[in-house]
Structures are given as C-alpha cells and as structure tokens.
Amino acid sequence: MANQDSQSTPPKDKSAFGIFMHELARGSLIVPILAIITGLLLGGLIVAVTTDQVYTAWSRSPLEAIGVGINAALRSYSALFNGAIGNPERIADALASGEAAALRRAFNPFFESLIKSVPYIFAGLAVALGFRAGLFNIGAEGQLFMGAVASVYVGFAVKGLPAIIHLPLALGAGALGGAIWGFIPGWLKAKTGGHEVINTIMMNYIAFRLSEYLLRGPLQRPDTTNPISPFIETTAQLPRFFESPIRFHLGFFIALAAAYGVYWLLFKTRLGFELRTVGANPNAARYAGMNILVITVLAMSLSGALAGMAGANEVLGVNYTLAPAFSSGYGFDSIALALIGRSHPVGVVLAALLFGTLRNGALQMQIAANVPVDIISVMQALILAFIAAPAIIRTIYRLRAPQQQEDGLHVRGWGG
Amino acid sequence: MSTLSPTMKSSAEYTGGGRRRVMGVVFLALAAAIWLLFARTTQGEMVTTFTLNPGGSQANFPNLEFITLPVLQAIAFVCALLGGYQLVRGFGTRTNAILGLVAALFIFAFLSWVASGTSLNLAGLLRATLIRAVPITLGALSGILCERAGVVNIAIEGMMLTGAMVAAIFGSLYGLWVGLLAGVLAGALLAVVHAIFSIKYKTDQIVSGTVINIFSIGMSSFISAKYLAANRQLNNPGIFPDIQIPGLAEIPFIGPILFSHNVFFFSMLLFLALLHFGLFFTRWGLRLRSVGEHPKAADTLGINVFKTRYMAVILGGMMAGFGGAYFTLGSVGRFDDVMTAGRGFIGLAAMIFGNWNPFGAFGAGLLFGFADMLAARLAILGVRVASEFLLMAPYIATMIVLAGVVGRGQAPAADGQPYEKEGH
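About the thresholds
Residues numbered from 1 in each chain as written. Chains lettered and ligands numbered in written order. Predicted model: local features only at pLDDT ≥ 70, side-chain atom pairs only at ≥ 80, totals over all residues. Heavy atoms only, no water. Helix = DSSP H or I, 4+ residues; strand = E, 2+ residues; numbered from the N terminus. Buried < 20%, exposed > 50% of the residue type's maximum accessible area, 1.4 Å probe, protein only. Contact = heavy atoms within 4.5 Å. Areas by Shrake-Rupley, 256 points an atom, 1.4 Å probe, with all protein chains shown as cover. Salt bridge = Lys/Arg side-chain N within 4 Å of Asp/Glu carboxyl O. Pairing = 2+ DSSP bridges. Axes fitted to C-alpha atoms, helices over the stretch in contact; angles between N-to-C directions. Buried area = accessible area lost by both parts, 1.4 Å probe. Polar contact = N/O pair within 3.5 Å; in protein donor to acceptor, adjacent residues only side chain to side chain. Expected span 1.5 Å × (residues − 1). Patch = residues over 30% accessible without salt bridge, like charges linked within 9 Å, V, L, I, M, F, W, Y side chains within 5 Å. pLDDT = per-residue confidence, 0-100.

A separate point is the overall build of chain B. Check the secondary structure of chain B and you find 16 helices and 5 strands. Among the 424 residues that make up chain B, the fraction classed as buried is 54%. Contacts in chain B between residues at least 24 apart in sequence constitute 76% of all its contacts with a sequence separation of at least 6.

The structure is reproduced here in structure tokens:
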C-alpha cells in the first residue's frame, strides 16, 4: 500500500475503504498495528508480573518463573478470547448437536462483543468528526449521558405510539440531547473563543450532576427510592434479532450506517469539505469565505448528536432503563478510539470492534483468570500512547522515519 | 492565536461598557434572587442562629442570632444599590472586588435563609470549606506550574489518583511520611511521562494528558481490585493528625478554623506563597513564564526552553501527587476506586478561574470548596435546594469566566504549543 504514489496523489479508489487505506498508507499502516500488538504484549506482561505463582517459581529458578508468567498470560488471553468470541469447544459441540438454545449460548459471547462495540462506534465517530473539524470534543461522556436521559424519557413517558414512530422518536431525542450538549461548547468556541476542551469537561460534570438530579426527581421510577428510571415502553426498544440470551440488536447496524453517514458527510459533501478545511487550516478556510462560526457549531452539534446516539443505543437496546454511572468511561475511551482509527470512520469502526471485543472478553478473564477488567484501560492507554507518539514504536522496532510529516493534531491554547 | 479568534476582546473592552452593563445586570439579578428566592419565602418572626464554635472546640463563643427577614431585605437592597450604580456609572477597575463582595453577600443571605428557624454551625462550615479547598487548590497549583511554562496539563486528575493510591500503599507499609513522599514521587513519575511525550515527542498535550488519565484510572483500579481488596493491611495508612499552632489555635472562632489543620493545609498555604513569590519575584519565575509566553524569545536569550519545561511539568506532577496523597493520608485514610471524583478537573477549572495566578486559584478553590461542602451538607440539613445544582455551580461559573462574560482570563500565550528548536 505504502508506495510513493499514494503519498502524493489522491487515492484512485474513491470508496470509503479506499480513502481509509490511502490515509493509512500516508501515515504508515504499520505503526497502529505494531502499537496494538505492543499494547497487547505489555498487557500480558502486566498479567504475568501480577501473578503470585510467578514469584514462588522465581525462588526455584528464574527460567521457571518466566515459563509460569507466559503461561499465566496465555491462560488469561485465552479466557479473554473465550469470553469475547466464544469457547471453540462449546461452539463445536453446539454445532454438532444442532440444538438452537445451545447454539445461541455458544455464539452469545461473539454477539455480546458486537453489542459492546456499538457505543464505542458512536462515541468514537463523535470524537473523530470533531477532530476533522479541528475540535477536541472531550465531552462525549456528558453528551452520551444527555442522549441517554433524553431517549429514556421519550421511551417511558410517551405511550401508545406504534414502534415504527416511537423508536425513531426516542433515538432522535437521544441525538438531540447529545447535540444540545455539543452545541453549547461549540457555540461558546465560535462566539467567544472559550476553548472546547475545558468547556466540554465542564459540560461532562454538569451532565453527571443533572442526570443524578433527574434520576432522583422527575425521572425516578415511582415505586422505588433508588435513582433509576422506569423501564421504557416495548415500542421504544431496539428490536433484537435472536432469542435470549443473545441481546444483539438493531443498534449495531444503525452504528454502521452512522459510520457510513459520517464518511459520506466528510468526504462527499461540500459541508464535509468545509469542515475538514476549517480543521486543517482555519485561516485558509476564512480566506476562502467559509463561515467558521457556523461550521464549528455544526461540527460540535453533530459530534454531540453521535455521542448522544451512543447513550440512546445503550438505553434502548441493552438496558431498557437508566441508572446513574451507566457509562464505563466511554468519553475518554472514545478519544483513544478516534485517534487509533485515525479519525476515519472505517478506522473508528475497526478500533471500536477491537475494544468492544476486549472489554467483553475481559469480564470472562476476570472470572476465569482473576485478572481485573481494568487491565483493558491500561492496555488502551498504552496503545494510545504508542499511536500518539509513533517515534516510540519506531525506536522499538527500528523502523525508518516517514518521508512525509505525519498528520498531527494540536490544540490551540486555552481561552482565546 | 489572535488570528483564530476574531472575537477576542482587547484590554480596553475588558473595562469597557459591555462588561460594565453585564456586571450591573449580574448584581441586580443576584439582588432579585435574594429577594424572590429567600426573602419572600421567609416568615417575619423567624430567627437565624449561627453557631460560631466548630465541633470539639472548648472555647465558648456566643452564638450569632438575628431575625432573618430584615437582614435578607437589607442585603437585597445593598446588592440592588451596587447593581444600579454599576449599571449607571460603573465601578471601573474595582468591579472585581465589588463582584466578590456581592457574591459574599449572596452566600451570606443564602446561609441565613437556610438557617432561618434553625441553627447552622457557621464556624464548622468555614472550616470545612477550607479543608475542601485544599485538594482543589493543590490541583490548580499543579496546573499553574505546567501551564505557565506552556505545557497544558489535563492529567492532574490522573496524577492525583495515582498519587492517592501509591500514598495509601506506601503509607500502610512504611508510615505516613514515606507514603506522602511516595505519592509525590508517583505524581512526578507520571509528569515525566507527560513531559517526555509533550516536550520530546511533541505529542499533542491533550492526547498525552488523556493517555495518563486513562492509564491512571485503569492502573489504580487494577491494583485496587487485584491487591487492595484482598489485603486490608495494604490499604490502611491512617491519616495525618491535626496540628495545633501554639497560641493561635486558642483564639476563639478564628483559631479552630484557621490554625488547627493537618499538614496538607499548612503545606498548601506554604506552596501558595512560595509559588506566588517564585513566579513573580524571582529569576526562576521570570524564566518559567517567558518559556510559556514566548519560547523563541526565551531561547534567544539563552534560556533552555526544554529544560525549563521539564522542570515545570515535573514540579507540577509532584504538586498533583501531593494533592492526591491528601485524599488517602489527609482525609479518608484508605484508597477507594476513582476517589478523586473529578477534583483534578475542578482544580483545572480553579486555575482558569483564578487567571493562572496562585492566589486567584486559591480564591477559586475556596469558592468551589464551599459549593462542594454545601452540597455535602445540604442533604443533612434538609434544605429545599437540590444539592446537584450546587455541585454544578463551579463548572457553570468556569464556563462563564471562559466565555469572557465576567472578564477574560489571560492564558500564557504559548500554552499547549510544543517548542521546535530551529535548525534541527
């Protein structure tokens, strides 16, 4: 892929994947892949050094300790694989028996991974869209919360509508809730220059407090003192494709459609071109007569809407209700996903699938191998670190420096 | 930077007509709020009682008692007068001081309203406010150190969290002071990572900060789940005892509030004074600030930009680690998952609110600490205000400040920009 031509000429293949490969080649495909591999290896190393048996083996011989460590890491990763994709033996047994319930149970981990990826896809797209417009949306978490609040409200308060109207309405409310939470920092940025990083962080905490208040007040389930919302109407639920226990729902395909939508918007429309121009060179955009104010506000609102959809999908497709702190740090994770995916929809989807799978498998790893799920966050941070500073990966693997300056992303100071 | 924000206000506008009117409206709105929210809902004969002895103090100081309604009306009237004068003539350069006065009056009115018909321990509230301001201020000082040298640090939260955990573990094993030192060093270690990423590799500083935040949350929860949950003896450091300043601590009312605290409070005051003096009155501070304002000029004059930035970021990390140790060794006595709960980000907000000045940040820290403390206590007092809205106040206030409504802050000019030495 990384031939000389692809670095200077526009991509010949104009499909979504073609542009993605072109951009990857420009920034060198090898770095993200090596970053992920290195991150996984280091994660294994952490698992190994935190295994007690390694130290008892160390007292006998260092070689044995290394063996025990590798063993522990492999056992953990195989538990992770079984939890994320499915246990191969069980799948084989289920296929042999042909029993529907057994098949569903055997394949459930795989579908569960896809479900876990859905909020990551949306939130990653949200951050990526912001990056393309030169905006650092660190507030996906808050936008996600507001989206969840809005869609759960429409989900339980509106009654008697057919699903064909109710479901889009609830999803739309989620998008709107997130969009408002993105609009405010976008407008502040465009109008006053107040930096979106600070404002979105502040909006995050405002969203947490607001949703806590709502869940203990107007949105509280009537028959309980716990801060939890009522269940949404069945007409607002995203349809599931299989019977229990598989929770795989329509949201996955909506997420893929959203990824295509973002790709189309960014690379096939005039607005997308303007958005990318503002992101790449705001001065050029201004001299070309583009309305930076409108584009900034629009980009942040769209970004917020995507993040809101992440929350809406969790509420309408998985939980059917809203409890406080239902998000497990999607906000920060989505920044990692957008950067790992090079702010391209295809890359974001791939990164989201990877981390959805890892997160899902980690639960099984915690039970089977006594490795806390938080190891995934550590690995995510490591991978992001390697991607953010490719020079580290180049040094480790003795790669040559790229001939072309890599696409960097830089904030432009606070407050003004 | 200036090319990016056509709406950036010049300094003339800072004290100009628009700001004058906005502030006047703000004062009037606060007066109206006192009148409508507090005075109108208070019955005529209700009495406010403020206790002026914090709990456990032996000194006997009489309670402050007054009939609530006339006091509220008087405060509303004064605020309205100030607002009217500001709208018509303007207080000019003293506007900020008057804003502080109006805010203080509003808070006093609010407390009087809360305590009407019952009693409120004013001394206890003030003491709790000071204590709650400690981690926020330390976080803000960490931010000031980094950003004055031109390195944005949104990893204060992560550094604090790691500092808290490391301090708890080492404190349990080797005693409080070793724990404190370990917490500070843990913060420094993360700061070294942040510095290498943002100075050497010229990674975007927000990305680098995000990496450290994700890593810290993940790593501390990982270690907590893997080791601390099973071994209680690893997570039981105890807390630093309060130090009574001889003589001063016996002063009634003021003594227990100001002069009976643990080592974190007094250290914070010391760091505050040192940093203020260091930044604005020494060659060290001048160099540090010049690197944050105009690194190229500083380089031309022979200042080592990279070295200065490394030093500033590492000192900032130590400050954040110290602030993190407060949570485990100064307040709770053990480590809980994600126990900093966004205090690092509030510290960041306090830094902006305080205009990148140590004492400004301390003022903001007091304000935010007050909101934090009230939110924790209102539920106990059974007040009719949702505590969530009080907890939102610091964030909303920061956004308003950032938007330039209450006066524009002056961020260091080269904040967030990696320095590229020419000829390399």
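Turning next to the overall build of chain A. Along its length, chain A carries 18 helices and 0 strands. Sorting the 416 residues of chain A into buried and exposed places 58% on the buried side. Taking all contacts inside chain A whose residues are at least 6 apart in sequence as the whole, residues at least 24 apart take part in 74%. A total of about 17200 Å² of accessible surface is found on chain A, and carbon and sulfur atoms cover 64% of it.

In this section: the environment of Ser208 of chain B. Residues and elements named next belong to chain B. Residue placement: Ser208 occurs in helix α8 (residues 205–228). Ser208 sits in the buried class, given a relative accessible area of 2%. Linking Ser208 and Ala195, residues 13 residues apart in sequence, is a C-alpha distance of 8.9 Å. Residues contacting Ser208, with those up to four places away along its chain left out, are His194 and Phe197.

So, on to the pattern of salt bridges. All names here are of chain A. Evaluated as defined, the whole model comprises 10 salt bridges over all chains. Note that Arg60 is salt-bridged to Glu64, the shortest N-O span being 3.0 Å. Look at Arg60 and you get exposed, because its relative accessible area is 58%. The closest approach of N and O atoms between Arg270 and Glu274, which form a salt bridge, is 3.3 Å. With Arg270 and Glu274 both in helix α12 (residues 270–280) and 4 residues apart, this pair spans about one turn of that helix.

This part takes up the sheet that holds strand β2 (residues 64–67) of chain B. Residues and elements named next belong to chain B. Reading across the sheet, the 3 strands line up as β2-β1-β3 and stay open at both edges, with mixed pairing between neighbours. Each edge of the open sheet is held by one strand with a lone partner, namely β2 and β3 (119–121). Averaged over all adjacent pairs, the angle separating strand axes in this sheet is 20°, with direction ignored. Direction of pairing for strand β1 (residues 47–51) relative to β3: parallel, over a ladder of 3 bridges. The residue of β3 that forms the bridge with Phe50 is Leu120. Of the strands in this sheet, β1, β2 and β3 are in contact with helix α4 (residues 95–114), which crosses β1 at around 105°. Strands in contact with helix α5 (residues 122–148) are β1 and β3; relative to β3, the strand with the most contacts, it is inclined by about 35°.

The next point concerns the interface of chain A and chain B. With 57 residues of chain A in contact, the opposing surface of chain B contributes 54 residues. Of the roughly 4900 Å² buried between chain A and chain B on both sides combined, carbon and sulfur atoms contribute 75%. Where chain A meets chain B, there are 0 salt bridges. Where chain A meets chain B, there are 3 residue pairs in polar contact (both at pLDDT 80 or more).

What follows covers helix α6 (residues 88–97) of chain A. Since there are 3.6 residues in each turn of an α-helix, residues three or four apart along the chain are aligned in direction. One side-chain oxygen of the residue at the start of α6 of chain A lies 3.2 Å from the amide nitrogen of Glu89 of chain A, identifying that residue as Asn87 of chain A. Phi for Gly98 of chain A, located one or two positions after α6 of chain A, is positive at around 70°.

So, on to the side chain of Asp299 of chain B. Residue and element names in this part refer to chain B. Looking at the element boundaries, Asp299 is found in helix α12 (residues 295–300). Residue classification places Asp299 among the buried residues on the basis of a relative accessible area of 17%. Among residues more than four places away in sequence, those in contact with Asp299 are Val305, Tyr419 and Lys421.

What follows covers helix α14 (residues 292–319) of chain A. Residue and element names in this part refer to chain A. The end-to-end C-alpha distance of α14 is 39 Å, a good match for the 40 Å that 28 residues give at a rise of 1.5 Å each. Among the 28 residues in α14, 23 count as buried, and that is most of the element. Sitting at the head of α14, Asn291 places a side-chain oxygen 3.2 Å from the backbone nitrogen of Leu293. Count one or two residues on from α14 and you reach Tyr320, which has phi positive near 65°.

Here the focus is a nonpolar patch on the surface. All names here are of chain A. Together, Ile33, Ile37, Leu41, Ile396 and Tyr397 make up an exposed nonpolar region whose accessible area comes to about 450 Å². Counting residues per element, the ones that place at least two in the nonpolar patch are α3 (30–49) and α18 (390–397). If you trace the backbone, Tyr397 turns up in helix α18.

Checked against the element boundaries, Ser198 of chain B lands in helix α7 (residues 176–200). Polar contacts involving the side chain of Ser198 of chain B include one to the main-chain carbonyl oxygen of His194 of chain B, which spans 2.6 Å.

All right, on to the confidence of the model for chain B then. In the predicted model, chain B carries a mean pLDDT of 83, and the fraction of residues at 70 or more is 90%. Low pLDDT, under 50, characterises residues 1–15 of chain B; the predicted model gives this stretch 23 contacts beyond four residues in sequence or across chains.

Another point: the environment of Ile67 of chain B. Residue and element names in this part refer to chain B. Inspection of the secondary structure puts Ile67 in strand β2. On a C-alpha basis, the gap between Ile67 and Thr48 in space is 6.0 Å, while along the polypeptide they are 19 residues apart. When neighbours within four sequence positions are excluded, Ile67 is seen to be in contact with Gly44, Met46 and Val47.

Our next topic: unusual backbone geometry. Even without a glycine there, the phi angle at Tyr320 of chain A is positive, about 65°. On the secondary structure map, Tyr320 of chain A appears in the loop between α14 and α15 (330–340). Classification of Tyr320 of chain A by relative accessible area gives buried; the value is 14%. Backbone geometry at Asn355 of chain B places phi at a positive 60°, although glycine is not the residue there. Within the secondary structure layout, Asn355 of chain B lies in the loop between α14 (343–353) and α15 (358–381).

A word on the pairing of β1 of chain B. Residues and elements named next belong to chain B. Within β1, 4 of the 5 residues are buried, which leaves the element mostly enclosed by the surrounding structure. Direction of pairing for β1 relative to β2: antiparallel, over a ladder of 4 bridges. If you follow Thr48 over to β2, its bridge partner there is Phe66.

So, on to the environment of Ala168 of chain B. Mapped onto the secondary structure, Ala168 of chain B falls in helix α6 (residues 156–174). Judged by its relative accessible area of 0%, Ala168 of chain B falls in the buried class.

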